[in-house]
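# A structural walkthrough
Spelled out, the chains give:
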Amino acid sequence: MKAKHSYSMSKAWKSLLLAGAVFSALPLNGQDAWREGRNVAGLASEEASGKQAEATLGGEFTSGEFRTRSEAKTLWSIQAAAQAETHFKDLVLVGGFGFRQEFGNQMMGSMFTSPGNFPVDVLEFTPGNKSKQTYDVGGGLAWKNGSHWIPGFTARFRGVNYAKRKDLRHTTYRQEMEFAPSILYDGNGWRVGATYILEKTSEFVQAEQIGPAKAQTYYAFLDKGMRYGALQNWDGSGIHLSEPGVDRFPVKRITHGGALQFSLGNGLYADTEFLYSAGEVGEKGYTWFRFPQLAASSKILYNFEKNGTKHSFMVSYDWKSTRLYENVIEKVTSGGVTLPVIQGNNLVQESKEGVFNAGYSMETEKGFMIEANLYIDRSIDQSTVMYPYVDWDGGTHLFVTLGTEIPLGKQWLLKASLLTGGGVDSEQVSITTAETIHITAEPTRLQDWWDLEQEVSDAFRTDLSLALRYRLPRVPLYLEAGCQWLHAFNVKLAPGTNRQTTHLLIGYQF
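Residues numbered from 1 in each chain as written. Predicted model: local features only at pLDDT ≥ 70, side-chain atom pairs only at ≥ 80, totals over all residues. Heavy atoms only, no water.

### Examining the overall build of the protein chain
This is how the line gets drawn: Here a helix means four or more residues in a row that DSSP labels H or I, a strand means two or more in a row labelled E, and each is numbered from the N terminus. In this setup the radius of gyration rests on C-alpha atoms only. A globule is expected at 2.2 Å times the number of residues raised to 0.38. Note on classification: 1.4 Å probe, protein chains only; a residue is buried when its accessible area is under 20% of the maximum for its type, exposed when over 50%, partly exposed between these limits. Contact criterion: two residues are considered in contact whenever any of their non-hydrogen atoms come within 4.5 Å of each other. Residue exposure ignores everything except the shown protein chains as possible cover, and the areas themselves are Shrake-Rupley values with a 1.4 Å probe. Only four residue types enter the charge count: Lys and Arg as positive, Asp and Glu as negative, with His and the chain ends excluded. A charged residue contributes its charge at one atom only: NZ of Lys, CZ of Arg, CG of Asp or CD of Glu.
Each helix and strand in the protein chain was counted, giving three helices and 21 strands. Taking 510 residues into account, the globule formula puts the C-alpha radius of gyration at 24 Å, and the protein chain, at 25 Å, falls close to it. Within the span of the protein chain, comprising 510 residues, buried residues form 48% of the whole. Put simply, 66% of the contacts in the protein chain that link residues at least 6 apart link residues at least 24 apart. Total accessible area on the protein chain stands at roughly 24,200 Å², and carbon and sulfur atoms take up 59% of it. Placing the 50 positive and 54 negative side-chain charges of the protein chain at their respective mean positions leaves the two points 5 Å apart.

### Digging into unusual backbone geometry
That bond from Asp167 to Leu168 is cis: its omega, 0°, falls within 30 degrees of zero. With respect to the helices, strands and loops of the structure, Leu168 is situated in the loop between strand E5 (149–164) and strand E6 (169–186). For Met226, which is not a glycine, the phi torsion comes out positive at approximately 60°. Inspection of the secondary structure assignment puts Met226 in the loop between strand E8 (219–223) and strand E9 (228–233). Exposure remark for Met226: the relative accessible area of 5% places this residue in the buried category.

### Focus: the nonpolar core
Basically, it comes down to this: The definition of a nonpolar core used throughout is a set of buried Ala, Val, Leu, Ile, Met, Phe, Trp, Tyr and Cys residues joined through side-chain atoms within 4.5 Å.
Formed by 25 residues in total, the largest nonpolar core has its most connected members in Val120, Val122, Leu241, Phe249, Val251 and Val281. Contributing elements (two or more residues each) for this core: strand E7 (190–208), E8, strand E10 (249–264) and strand E12 (286–306). Counting residues per element, this core draws most heavily on E12, which supplies four residues. If we ignore the near neighbours within four places in the chain, the residues touching Val281 are Val120, Phe249, Pro250, Val251, Tyr286, Thr287, Trp288, Phe289 and Phe291. Counting 14 residues, the second largest nonpolar core, distinct from the first, contains Val40, Ala44, Val92 and Tyr269.

### Let's talk about the pattern of salt bridges
Basically, it comes down to this: By salt bridge we mean one thing: a side-chain nitrogen of Lys or Arg within 4 Å of a carboxyl oxygen of Asp or Glu.
Scanning the model with the defined rule gives 32 salt bridges in all. For the salt bridge of Arg69 with Asp448, the shortest nitrogen-to-oxygen distance reads 3.9 Å. With Arg69 in the loop between strand E1 (50–63) and strand E2 (74–87) and Asp448 in helix H3 (residues 447–458), this pair connects stretches of sequence that are 379 residues apart. Of the charged contacts in the structure, one is a salt bridge between Glu427 and Arg445, with a shortest N-O distance of 2.8 Å. You can see Glu427 sitting in strand E17 (residues 412–431) and its partner Arg445 sitting in strand E18 (residues 444–445), a full 18 residues away along the chain. Using a relative accessible area of 16% as the deciding quantity, one classes Arg445 as buried. Because the salt bridges share partners, they merge into one network encompassing Arg38, Arg156, Arg174, Glu176, Glu178, Glu199, Glu203 and Glu273.

### Considerations on the environment of Ser426
The topology assignment puts Ser426 in strand E17. Sequence spacing of Ser426 and Gly394 is 32 residues, and the spatial spacing of their C-alpha atoms is 5.4 Å. If sequence neighbours within four positions are ignored, Ser426 has contacts with Trp392, Asp393 and Gly394.

### Remarks on the pairing of E1
Counted only if it meets this: Being paired, for any two strands, means DSSP has found at least two bridges between them.
Both E1 and E2 contribute to a ladder of 14 bridges, which runs antiparallel. Bridge pairing links Ser63 to Thr74 in E2. The pairing of E1 with strand E21 (residues 498–509) spans ten bridges and is antiparallel. For Thr56, the partnering residue across the bridge sits in E21 and is Gly507.

Dropping the structure here:
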């Protein structure tokens, strides 16, 4: 079962990943469409039996200078994954696991495993090697009990270890857990379902300096949004990496939500989802930030078959709103015991973003497939990190993707995709108080980092992917090799205009 895509990355990273989406074709019938949603019980309504499974082992190499400073100059990775789906008479079981090991060199910047996933960030400035391990495991079941009501549930866990072994050193641990019980009513030619969603994401950064310093001091930057924040020695009180009683920078987020699904025959499928998240930074009473978040998404798919050719249309929209509050904490001593007390909070950042996607795919009886997608995203960010300054930034991006799969005989399959597009960005800094107020300081900002990341996000680019797969004639084994090449135009700040990823893959289907 496919994992539902999480719309939680910043626009600086999101646009670079769109090209890979064209290799995941749209669902081509109403039953397969249920795989795109949260409700695993939708699989139980299929008239299917037996099992299908796939295991893959592969590696990737990424290089090129069209990148942000938080990305590696070169990145090596190896990965292994397996997933299976089994249909019994009264039960459907799904499951999978995965492992990925990454090695990057000349890395600095974000200490988090997924930059942009939280509204805060911590940056370091010493280039060095980093390694990351990602573990995934998940599964679910649906019970076909002979009635119209079909219950089911899915559970998922991800663990990430991220480390840098050159001062300023850091070790980062991330955990993601998700539990989603569902119910489906299977009517006469129509189905309706509902899912409850519970997610917990936690991550913490531990930094340290070992041995004599090779620099006079090591600085770190606490980003409070739009690269505004605090720049200090890494163990300064404004960074929160090393404080009395709290020797790490912890972040956690708990999400509750619900989703509704509906399908009519094998042609129409729709779902909608609403999520509310409560996040905070800190622990042991030292809660430095909190960030509530609202998110919603909707999708409609329509499928039909004519003369042996399957056609699929899809329209979706994703929306998210996040606010970041910084707490004012005072240490109060009573009876010889000192405790942190939150006296109030200030709104330091607010962001809203939405993504519209429209797509079409076609597949013939002989396996030829073609797909086209249009992506439009709009984001608005506002920083109020220091009174009376207000910084407003708005960005709009448009990308078009084309993808195809072409069978070359019985053993060979050619896959290709093309992405093209870019964005425009506007920013305005204003002072919203009377001129009689005397301003003695301005908010600290990593302006060069911000400008580079905006260029990487907005630059018009062309991204071409090619892959060739060979299926062995007498065993369910295939070999695949491919390359993705990106070229950006009118680049002034990034160290280069190109970025490529080459991959090798071996797969076994059984």
